[in-house]
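Summary of the model geometry
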Amino acid sequence: MVAAGFVGAANLLTGATIRWVGCSPEPRQRIYFANHTSNLDFVAMWAALPGEMRALTRPVAAHDYWTTSAVRHYVATRVFRGVLIERKKVTAHNNPIEPMLAAMGERHSLIIFPEGRRNTLPEIGEFKSGLFHLARKRPEVELVPVHIDNLNRILPRGEVLPVPLLSCISFGAPMHLGESEGKKEFLARAREAVIQLRHA
Amino acid sequence: MTNRDPMLLAMMGVVLGLLLVASLVTLALGRRAVDEAARASVADLRSRVFSSWWMCLVFSLALLAGKVMTVVLFAIISFRALREFITLTPTRRGDHRALFWVFFILTPLQYVMVGMDWYGLYSVLIPVYGFLFVAIRSAAAGESEGFLERAAKIQWGLMICVYCLSYAPALLNLEIRGYDGRGATLLFWLVLVTEVSDVLQYAWGRCCGRHKIAPVISPNKTWEGFLGGVACTTLMGAALWKATPFAPWEAAGMALGVALMGFAGGLVMSAIKRDRGVKDYGSFIGGHGGMLDRMDSLCFAAPVFFHLTQMHFG
């Protein structure tokens, strides 16, 4: 119910136009990957999905950021049912991939931000390798690029009060890891897919 | 319903009739459209007629419901128009807090003051206090790059989308001898003349437009459209003089002024759009209603009409 409140507030605030450019909102198992500029990113994306899909889609969030206070922890885990992953001190035993795979299971979809952190520069940053490992372990899952436009002006990093401007979320055509595609090529291709969505 | 002015209801009836005719014409054209181009233009016409119905209904209901609802309606319209304008303007991180004030404090405050009829306050809130405060708040945030442009652009947005438009519902506050309590009728007359002016200029332009006025800024505006539209609007406004507190020739003069300002509003807002490289205000990010595209004429006409009326009956 709290989540419904967030969705309502998000829709009001972000004035988001949702464009399903390359695929349609079907309840399939997918990994949505997007550029990251604002804490509103996953609220807006989550609000963009239809109700039945929202229940099966879990955002991936950084453990170190979202456990700093009880409120943040509650919002990230109980309200949005996010998957908290380690991003600072990644080791073989404490890596981000396993919790993500476990959270996905057979039915759940994920929302991830391969840049790793909120980017304040106008260009989309380099993608970290999590997406590649996920694609390798679960090759049948559709990888959907998503471009989030203008949310960084609505709620920039470091601000708490939002400014209600218009924004746009574009969902692109699903992609898969190529047979013999290397990590660098794949991540570059994925990044390019998100960049292209802006003008699609 | 607090307003039972027969002229108001009569005008609403006429508009309803016109919309019905427009819908029937669109239906007939739809049946006759054969090729792609014709069908596309009919679809465009249909969506315009549909949105005209919707806007007319909301506006009429708000007017009939009274001053508070009318003020609230215009506050919402201002908010949406401002949202489009600021989305289009390149502001920076340093403007964030100032923008928060603009959207959530200055805009509602302006309309609360209009609602309370504090003319001495609402006539200066934005041009003096808003103007100074936005600049101060942005400067205090410490970002100097493009500072003057950013402050100026935000002020422009506030002036056009909020200040100017708020003079429309402010008409309900005017005390006019022999016209007491009929402010809603005058407001309806203003909006009707403004919208009809746009439609007539467009229609004249379509049928006989040949000499462009400002081709770089607005390729659709022609001298034939402008002169034909303005002339017809003046006649129409004069014909409806009974709805206004003016004599017939005075009403003609007012309608002329409104039509001229409406044209000017469309021209100026187009200039801004060309500067920013967009076709419509709503389409910059994604694609939204385009509230500012619809309101540009009224934003310029409302304050001038308010002032002239006030001065005339001063």
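Scroll up for the structure.
Just so it is clear, the structure is predicted and the values come from calculations on it, not from any experiment.

Thoughts on the overall build of chain A
- If you tally the helices and strands in chain A, you get 9 helices and 7 strands.
- What you see for chain A is a C-alpha radius of gyration of 16 Å, in line with the 16 Å of a compact globule of 200 residues.
- The burial tally for chain A puts 52% of its 200 residues in the buried class.
- Partitioning the intrachain contacts of chain A with sequence separation of at least 6 by distance along the chain shows that 72% fall at a separation of at least 24.
- When the accessible area of chain A is evaluated, it comes to approximately 9600 Å², of which 56% is carbon and sulfur surface.
- One way to put it: in chain A the 25 positive side-chain charges average out to a point 6 Å from where the 18 negative ones average out.

Digging into the state of the cysteines
Residue and element names in this part refer to chain B.
- One pass over the structure, following the stated rule, counts 1 disulfide over all chains.
- With its sulfur 2.4 Å from that of its partner, C207 forms a disulfide with C208.
- By relative accessible area, which is 26% here, C208 ends up partly exposed.
- Its sulfur unpaired, C56 is 19 Å from the next cysteine sulfur, which belongs to C299.
- The buried category is assigned to C56, whose relative accessible area is 16%.
- Just so you know, C161 is unpaired, no disulfide at all, and the nearest cysteine sulfur is the one on C299, 6.1 Å from it.

With respect to the environment of S197 of chain B
Residues and elements named next belong to chain B.
- Inspection of the secondary structure puts S197 in helix α8 (residues 183–208).
- Considering only alpha carbons, one finds S197 and L227, 30 residues apart in sequence, at a separation of 11 Å.
- Residues in contact with S197, not counting those within four places in the same chain, are T233 and A259.

Some remarks on the nonpolar core
- Counting 115 residues, the largest nonpolar core has Y32, M45, V146 and F171 of chain A together with L187, F188 and F305 of chain B as its most contacted members.
- Looking at which element gives the most residues to this core, the answer is helix α7 (residues 147–170) of chain B, with 11 residues.
- Beyond its immediate chain neighbours, meaning those up to four positions away, L187 of chain B contacts F59, L63, T70, F74, A168, P169, L171 and L172 of chain B.
- Of all hydrophobic cores here, the second largest spans 25 residues; its members include F33, F127, L131 and V194 of chain A.

A short note on the interface of chain B and chain A
- Each partner contributes residues to the interface: chain B has 18 residues there, and chain A has 22 residues.
- Together, the buried faces of chain B and chain A total about 1700 Å²; carbon and sulfur atoms form 60% of this surface.
- Along the contact surface separating chain B from chain A lie 2 salt bridges.
- Across the pair R93 of chain B and E159 of chain A runs a salt bridge, and its minimum N-O distance is 3.6 Å.
- Taken together, the connections running from chain B to chain A amount to 9 residue pairs in polar contact (both at pLDDT 80 or more).
- Those elements giving two or more residues to the side of chain B that touches chain A turn out to be α3 (67–88) and α4 (96–116) of chain B.
- If you tally residues by element for the side of chain B that touches chain A, the top one is α4 of chain B, at 6 residues.

Considering the side chain of S78 of chain B
Residues and elements named next belong to chain B.
- Along the chain, S78 falls in helix α3.
- Separated by 2.6 Å, the side chain of S78 and the backbone oxygen of C161 make a polar contact.
- Leaving out residues up to four positions away in the same chain, S78 has contacts with T107, Y111, C161, V162 and L165.

Remarks on the packing of aromatic side chains
- In this structure the tally under the stated criterion is 24 aromatic pairs over all chains.
- Relative to F104 of chain B, the ring of F100 of chain B has its centre 5.0 Å away and its plane inclined at 50 degrees; by these criteria the two rings are tilted. Taken together, the positions of F100 of chain B and F104 of chain B, both in helix α4 and 4 residues apart, correspond to about one turn of that helix.
- The class of F100 of chain B is buried, set by a relative accessible area of 17%.
- A residue is classified by how much of its surface remains accessible, and F104 of chain B, at 33% relative accessible area, is partly exposed.
- Ring centres of W101 of chain B and F133 of chain B lie 4.6 Å apart, and the angle between their planes is 55 degrees; on these two criteria the pair is classed as tilted. Here W101 of chain B, found in helix α4, pairs with F133 of chain B, found in helix α6 (residues 125–140); they are 32 residues apart in sequence, far enough to count as distant.
- By relative accessible area, F133 of chain B is classed as partly exposed at 25%.
- Within the aromatic cluster, the residues linked to one another by ring pairs are F42, W46, Y65, W66 and F80 of chain A.
- The residue whose ring lies beneath R72 of chain A is Y65 of chain A, and the NZ or CZ to ring-centre distance is 4.1 Å.

Rules of the game
- Residues numbered from 1 in each chain as written.
- Chains lettered and ligands numbered in written order.
- Predicted model: local features only at pLDDT ≥ 70, side-chain atom pairs only at ≥ 80, totals over all residues.
- Heavy atoms only, no water.
- Helix = DSSP H or I, 4+ residues; strand = E, 2+ residues; numbered from the N terminus.
- Rg over C-alpha atoms; globule rule 2.2 N^0.38 Å.
- Buried < 20%, exposed > 50% of the residue type's maximum accessible area, 1.4 Å probe, protein only.
- Contact = heavy atoms within 4.5 Å.
- Areas by Shrake-Rupley, 256 points an atom, 1.4 Å probe, with all protein chains shown as cover.
- Lys, Arg positive; Asp, Glu negative; His and termini not counted.
- Charge placed at Lys NZ, Arg CZ, Asp CG, Glu CD.
- Disulfide = S-S within 2.5 Å.
- Core = buried A, V, L, I, M, F, W, Y, C linked by side-chain atoms within 4.5 Å.
- Buried area = accessible area lost by both parts, 1.4 Å probe.
- Salt bridge = Lys/Arg side-chain N within 4 Å of Asp/Glu carboxyl O.
- Polar contact = N/O pair within 3.5 Å; in protein donor to acceptor, adjacent residues only side chain to side chain.
- Phe/Tyr/Trp six-rings, centres within 6.5 Å; stacked < 30°, edge-to-face > 60°.
- Lys NZ or Arg CZ within 6 Å of the ring centre and 35° of its normal.

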